[in-house]
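Coordinate inspection notes
Residue-level listing of the chains:
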Amino acid sequence: MLEVRNLTVRYGSSTIVNDVSFDVARGEWLMLVGPNGAGKSTIVNAISKGIPYTGTVLFEGKDISVYKPIELARRIGVLAQGQRVGYSFTVGEVVRLGRYAHKKGFFSSGCDDDTSVRRALEITGLTEIENQSLLTLSGGELQRTFLAQVFAQNPQLLILDEPTNHLDLVYQKQVFELICNWVKEPNRAVISVVHDLDLAKCYGSQSLLLDRGRIVDLGKTEAVLSQDNLKKVYSMDVYGWMRERLARWSD
Amino acid sequence: MEHKGGKKEGLSVLTYIALSVFTLVTMLLCVCLGSVSVPPDELLSSSIILNVRLPRVLCVALSGASLSLCGAAMQGLLKNPLADGSTLGVSSGASLGAVLAITLSISIPSLPFAGTMVMAVLFAFLSLIIILSLAYKLDCSLATNTIILIGIIFSMFASSMISLMMYFSSDRLRDITRWTMGTLSGSSYTNALVLLVTLALCAAVILSRASELNAFAIGEDNARHIGVNVRRERLIILIAVSVLIGVCVSVGGTIAFVGLVIPHMVRLILGPNHKKLLAASMYCGACFLMLADLVARVIVSPLELPVGVVTSLIGAVVFVFIFFRSVRSRHA
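Conventions adopted
Residues numbered from 1 in each chain as written. Chains lettered and ligands numbered in written order. Predicted model: local features only at pLDDT ≥ 70, side-chain atom pairs only at ≥ 80, totals over all residues. Heavy atoms only, no water. Helix = DSSP H or I, 4+ residues; strand = E, 2+ residues; numbered from the N terminus. Rg over C-alpha atoms; globule rule 2.2 N^0.38 Å. Contact = heavy atoms within 4.5 Å. Areas by Shrake-Rupley, 256 points an atom, 1.4 Å probe, with all protein chains shown as cover. Lys, Arg positive; Asp, Glu negative; His and termini not counted. Charge placed at Lys NZ, Arg CZ, Asp CG, Glu CD. Pairing = 2+ DSSP bridges. Axes fitted to C-alpha atoms, helices over the stretch in contact; angles between N-to-C directions. Salt bridge = Lys/Arg side-chain N within 4 Å of Asp/Glu carboxyl O. Buried < 20%, exposed > 50% of the residue type's maximum accessible area, 1.4 Å probe, protein only. Phe/Tyr/Trp six-rings, centres within 6.5 Å; stacked < 30°, edge-to-face > 60°. Lys NZ or Arg CZ within 6 Å of the ring centre and 35° of its normal. Expected span 1.5 Å × (residues − 1). Domains from an automatic or database assignment. Buried area = accessible area lost by both parts, 1.4 Å probe. Nonpolar A, V, L, I, M, F, W, Y, C, P; charged D, E, K, R; others polar.

For the rest of this paragraph, the subject is the overall build of chain B. The number of helices and strands found in chain B is 13 helices and 0 strands. Going from the N terminus to the C terminus, chain B shows its helices and strands as α-α-α-α-α-α-α-α-α-α-α-α-α. Its C-alpha atoms give chain B a radius of gyration of 20 Å, near enough to 20 Å, the size a compact globule of 332 residues would have. Overall, chain B is about 60 × 50 × 40 Å in size when its C-alpha atoms are taken along their principal axes. If you take every contact in chain B between residues at least 6 apart in sequence, the share linking residues at least 24 apart comes to 76%. A total of about 15100 Å² of accessible surface is found on chain B, and carbon and sulfur atoms cover 72% of it. Computed over 22 positive and 14 negative side-chain charges, the inter-centroid distance for chain B is 6 Å.

Written out as structure tokens, the structure is:
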């Protein structure tokens, strides 16, 4: 579905992402993992925001720069991190905007729009607060609102930049279960940036481990998030620390 | 609850009718009242009504609607409730053009007002090109903050140029000062026609982009992610706003606060959805400026105040009131 070849991103003289290549196939959930400054969000921004890069990014065999913004939005949905809102739009209004890419001329595509919006509100548990202002929402509700907007967009590829930001454990589980079910539908795939290695291990079918803009390992999540790889990247015994934390819970 | 049809986001027909009736009643009131009282049976034949007040009130209503529409569009586009047509710097650019025309007595034979108008629109366009070019040089993505920054710097530059011209043209000082304060006295049907055509064209462009403005008001990145062609749509809206501001400035001078306060007030009542906000702001802006102009005409009759002074006075008080109320309700 998505092929990234020799992706390099530079800000001035510093190279943030260095010669990164990977593929995402249908049905896959690729986790971008690595410490702060590894280049995870920059990769996502290069694909979704069109920040200047060298290399090629192909979606369904076609360079993404060839797609018009509206064509790309029908295929790729993006949940950015740290959404900040200034005006008191309602939850429903924001979710309905997710249908922008599907409107025909000046008109909405009618019933399809309403069904998609209602479904997105339902699966994210927002139906009850559809008419509530964004300014009155908690961080978690706000995150779910923008997730519902992406679901309403009905894309093939979902790109999530730290989707569990601001979410408590209940909603972290809910959101990841939602995405897990979403990606099971045919012709869909997910790329997400995550800091939580537990979540990456539980839900990711593939993982891309990065360090200082370079690929450390790419492949099945179990293999990529190995003890040696994590020790090399995080400069600490991640497995040991995880076990230690878990042991406290079992006590 | 299951919704059978799509949810309607725009104004209802009833609201449109109510706003139209209110605007017409305000217009009638402003035409009938003034420093010279006209008997009711002479309203349709009086020269004061037909040749002086009616064209003036029409120009005032159209200017009010235009300035409010521009303010609403700019506040959404720049995601900034303190933005209006002047934030972009185009308003100052148009003023500079018009002041230059007054100072140098530039006019077109048989169309005495056209010199100022052509210069104002020309300078509005030039300002837009300069501002966008500089913004593009700094940041090729034309980010909102860059445009605001360049707009503010350009406004300061244009204001100092106007001051300089005022300093060196003492014989035209009164004309320039009166014009910079904003006044629509002496407006003609030709002015009204120019305003009407420009408003119709630019409003069509801006109103058809209500969804895009909603997306911009939520966030530039969000707009990009849902499929808005951010650069193109921003450019189209900025051009429409610039043309409208340029024509308004050429007809009525610098009329402050209408574009800032009216969309803000409408947003408090109807919410930020541009499918409602843009149209309602046009109606409310027209009514507000007509009433402000009426106050300017009658409050120190037989003398007349520039309408820009009245809008600034009313606008400042209303704005402080709104600001305090919103801060208090947020704390509550």
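From this point, the narrative continues.
Residues and elements named next belong to chain A. Across the sheet, 6 strands lie side by side as S6-S7-S8-S3-S9-S10; this open sheet has mixed pairing. What marks the edges here is a single partner per strand, and that holds for strand S6 (76-79) and strand S10 (214-220). Pairs of neighbouring strands in the sheet enclose a mean axial angle of 15°, with direction left out of account. Along the sheet, helix H9 (residues 227-234) makes contact with strand S3 (29-33), strand S9 (206-211) and S10, crossing S9 at roughly 30°.

Moving on, we get to the pairing of S10(A). Residues in a regular strand point their side chains to alternate faces of the sheet. All names here are of chain A. As paired elements, S9 and S10 share 6 bridges and run antiparallel to each other. Each residue of the ladder has a partner; that of Leu 209, found in S10, is Asp 217. Hairpin connection between S9 and S10: a loop of 2 residues separates the two successive antiparallel strands, and Arg 212 in this loop has a positive phi of roughly 45°.

Take the pattern of salt bridges next. Scanning the entire structure with this criterion turns up 14 salt bridges over all chains. One salt bridge in this structure joins Glu130(A) and Arg96(A), with 3.6 Å as the shortest N-O distance. Taken together, the positions of Glu130(A) in the loop between helix H4 (111-123) and helix H5 (139-153) and Arg96(A) in helix H3 (residues 91-97) put the pair 34 residues apart, joining distant regions of the chain. Between Arg224(B) and Asp221(B) there is a salt bridge, with its nearest N and O atoms 3.1 Å apart. Taken together, the residues Arg224(B) and Asp221(B), both in helix H9 (residues 220-226) and 3 residues apart, mark about one turn of the helix. Overall, the relative accessible area of 21% leaves Arg224(B) in the partly exposed class.

All names here are of chain A. Enumeration according to the criterion identifies 8 aromatic pairs over all chains in this entry. Arranged with centres 5.1 Å apart and planes meeting at 50°, the rings of Phe 176 and Tyr 203 form a pair that is tilted. With Phe 176 in helix H6 (residues 169-182) and Tyr 203 in helix H7 (residues 197-203), this pair connects stretches of sequence that are 27 residues apart. Among the residues examined, Phe 176 registers a relative accessible area of 0% and is labelled buried. Among the aromatic residues, those joined into a ring-pair cluster are Trp 29, Phe 176 and Tyr 203. Taking NZ or CZ as reference, Lys 62 lies 4.7 Å from the ring centre of Tyr 67, over its face. The positively charged end of Arg 245 is found above the aromatic ring belonging to Trp 241, 4.3 Å away from the centroid.

It is worth spelling out helix H11 (residues 258-270) of chain B at this point. All names here are of chain B. In a regular helix each residue adds 1.5 Å, so 13 residues correspond to 18 Å; H11 covers 18 Å between its end C-alpha atoms and thus fits that length. When H11 is considered as a whole, its buried residues turn out to be Val 258, Gly 259, Leu 260, Val 261, Ile 262, Pro 263, His 264, Val 266 and Arg 267. Looking one or two places after H11, you find Gly 271, whose phi comes out positive at around 90°.

It is worth spelling out the domain arrangement of chain A at this point. All names here are of chain A. By domain assignment, chain A separates into domain 1 (1-75 + 156-175 + 184-251) and domain 2 (87-154). Distance between the C-alpha centres of domain 1 and domain 2: 26 Å. Buried surface at the junction of domain 1 and domain 2, both sides included, amounts to about 1100 Å², of which 62% is carbon and sulfur. Contact with domain 2 buries area across many residues of domain 1, yet Ile 70, Arg 74 and Leu 158 alone supply 35% of it, more than any other trio. Our count for the domain 1 to domain 2 interface comes out at 0 salt bridges. Breaking the side of domain 1 that touches domain 2 down by element, the ones donating at least two residues are helix H2 (69-75), strand S7 (157-161) and H6. Looking at the side of domain 1 that touches domain 2 element by element, the count peaks at 3 residues for H2. Taken together, the residues of the side of domain 1 that touches domain 2 sort by class into 8 nonpolar, 4 polar and 3 charged.

Residue and element names in this part refer to chain A. A sheet is described by the order of its strands in space; here 4 strands give the open sequence S2-S1-S4-S5, paired in antiparallel fashion. The sheet is open, and its two edges are formed by strand S2 (14-24) and strand S5 (62-63), each paired on a single side. Here helix H1 (residues 40-48) sits on the sheet and contacts strand S1 (2-11), S2 and strand S4 (54-59); the angle it forms with S1, its principal contact strand, is near 110°.

Looking now at the environment of Asn273(B). Among the structural elements, Asn273(B) can be located in the loop between H11 and helix H12 (274-298). Here Asn273(B) falls in the buried class, since its relative accessible area comes to 1%. Residues Asn273(B) and Ile299(B) lie 26 residues apart in sequence; the distance between their C-alpha atoms is 37 Å. Discounting chain neighbours no more than four positions away, the residues touching Asn273(B) are Phe89(A), Glu93(A), Glu9(B) and Asn214(B).

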